[in-house]
Amino acid sequence: MATDLHELLRSLRVWDPEVTELPVFDPETAPGEPLPLFTAWFAEAVAAGEREPHTMTLATADEEGLPDARIVMLHGADTDGWSFATHTTSRKGRQLAAHPYAALTFYWPVLGRQVRVRGPVSVAPAEEAQADLHARSTGALAAALTGRQSEVLGSAEELARASEAAWEHARQDPAAESRTWTLYRLRPEEVEFFQGDSARRHLRLRYRRPTGAWAKELLWP
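Keep in mind that this is a model prediction, so the values were computed, not measured.

Draft legend 1. Region of interest: the overall build of the chain. Helices and strands together make up the secondary structure of the chain, namely six helices and ten strands. If one aligns the C-alpha atoms of the chain with their principal axes, the spans along those axes are about 55 × 50 × 40 Å. With 221 residues in all, the chain has 37% of them scored as buried. Sequence-distant contacts in the chain: of pairs separated by 6 or more residues, those separated by 24 or more amount to 64%. Entry remark: accessible area of the chain is about 13200 Å², with carbon and sulfur atoms responsible for 53%. Computing the positive centroid from 24 side-chain charges and the negative centroid from 32, the chain places the two 3 Å apart.

And the structure:
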């Protein structure tokens with residue numbers, strides 16, 4: 001089995017020209033702050049046909065300082081920070097309560113691009129979390145109402161029953177609140193933009209603000 005995996009890995013290509021176009025990126029033209037560049041790159045990923053460009057890896061640390069990561073959805077990015085949501089009682093919610101600092105990674109292979117964001121995480125007001133939840137689909141509300149995220153599940157049937165009840169609740173009361181559903185904001189201290197290059201001369205532009213004002217610098221690939 002291990003040999004088969006190694007052979008499969010060797011058969012794969014990174015940034016296949018049939019599906020990937022590596023744009024020219026000139027760091028000298030980059031704006032003075034990272035948010036406008038992120039917004040532009042996000043729009044370009046959407047235009048290029050990237051599937052689910054709003055998904056990202058959220059990395060946190062548990063109570064013992066050990067790393068953890070999972071894929072979540074971006075809910076917004078503005079001057080207040082990059083936003084995502086989860087239950088405060090979930091594993092990541094508990095980790096953020098213990099260590100309110102996190103990292104995000106976006107990967108858009110159709111353009112050979114990555115964006116990495118790091119910084120402290122704060123909790124948005126409860127009314128903003130509920131407004132964000134109710135702006136989403138009925139399924140999103142049902143999932144939030146199902147709750148118990150990260151708890152041990154006894155069986156698939158137990159989940160089906162709880163989910164069906166939550167779906168009915170969401171349909172009957174679209175304004176229903178999930179008390180543990182929380183909107184988090186990561187306020188960036190560091191944002192890195194990575195542009196792949198076919199000659200492996202990848203460009204890495206990092207924004208940092210050690211004193212409040214953003215500074216830009218290039219990194220070796």
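Resuming the write-up.
Draft legend 2. Seen up close, a nonpolar patch on the surface. Together, Leu5, Leu8, Leu9 and Leu12 line one region of the surface with nonpolar side chains, adding up to about 400 Å² of accessible area. Relative to the assigned elements, leucine 8 resides in helix α1 (residues 2-11).

Draft legend 3. Fine view of the pairing of strand β7 (residues 181-186). Extensive coverage of β7 is indicated by the burial of six of its six residues. Where burial is concerned, the two faces of β7 agree: the one with Trp181, Leu183 and Arg185 and the one with Thr182, Tyr184 and Leu186 are both buried. As judged from the six bridges shared by strand β4 (residues 81-87) and β7, these two strands associate in the antiparallel manner. For threonine 86, the partnering residue across the bridge sits in β7 and is threonine 182.

Draft legend 4. Main features of the nonpolar core. The biggest cluster of nonpolar side chains holds 30 residues, and the ones touching the most others in it are Phe106 and Val115. Looking at this core, the elements that each hand over two or more residues are α2 (34-47), β1 (55-61), β4, β5 (101-108), β6 (113-123), β7, β8 (190-195) and β9 (203-208). Among the elements that make up this core, the one with the highest residue count is α2 (five residues). Excluding residues within four positions of it along the chain, phenylalanine 106 makes contact with Phe38, Pro53, Thr55, Met56, Leu74, Trp82, Arg113, Gln114 and Val115. Counting residues in hydrophobic clusters, the runner-up holds eleven residues, among them Leu133, Leu141, Trp181 and Leu183.

Draft legend 5. Spatial organisation of the environment of glycine 212. Note on placement: glycine 212 falls in the loop between β9 and β10 (215-219). Through-space distance from the C-alpha of glycine 212 to that of glutamate 189 is 8.8 Å; in sequence the pair is 23 residues apart.

Rules of the game
- Residues numbered from 1 in each chain as written.
- Predicted model: local features only at pLDDT ≥ 70, side-chain atom pairs only at ≥ 80, totals over all residues.
- Heavy atoms only, no water.
- Helix = DSSP H or I, 4+ residues; strand = E, 2+ residues; numbered from the N terminus.
- Buried < 20%, exposed > 50% of the residue type's maximum accessible area, 1.4 Å probe, protein only.
- Contact = heavy atoms within 4.5 Å.
- Areas by Shrake-Rupley, 256 points an atom, 1.4 Å probe, with all protein chains shown as cover.
- Lys, Arg positive; Asp, Glu negative; His and termini not counted.
- Charge placed at Lys NZ, Arg CZ, Asp CG, Glu CD.
- Patch = residues over 30% accessible without salt bridge, like charges linked within 9 Å, V, L, I, M, F, W, Y side chains within 5 Å.
- Salt bridge = Lys/Arg side-chain N within 4 Å of Asp/Glu carboxyl O.
- Pairing = 2+ DSSP bridges.
- Core = buried A, V, L, I, M, F, W, Y, C linked by side-chain atoms within 4.5 Å.

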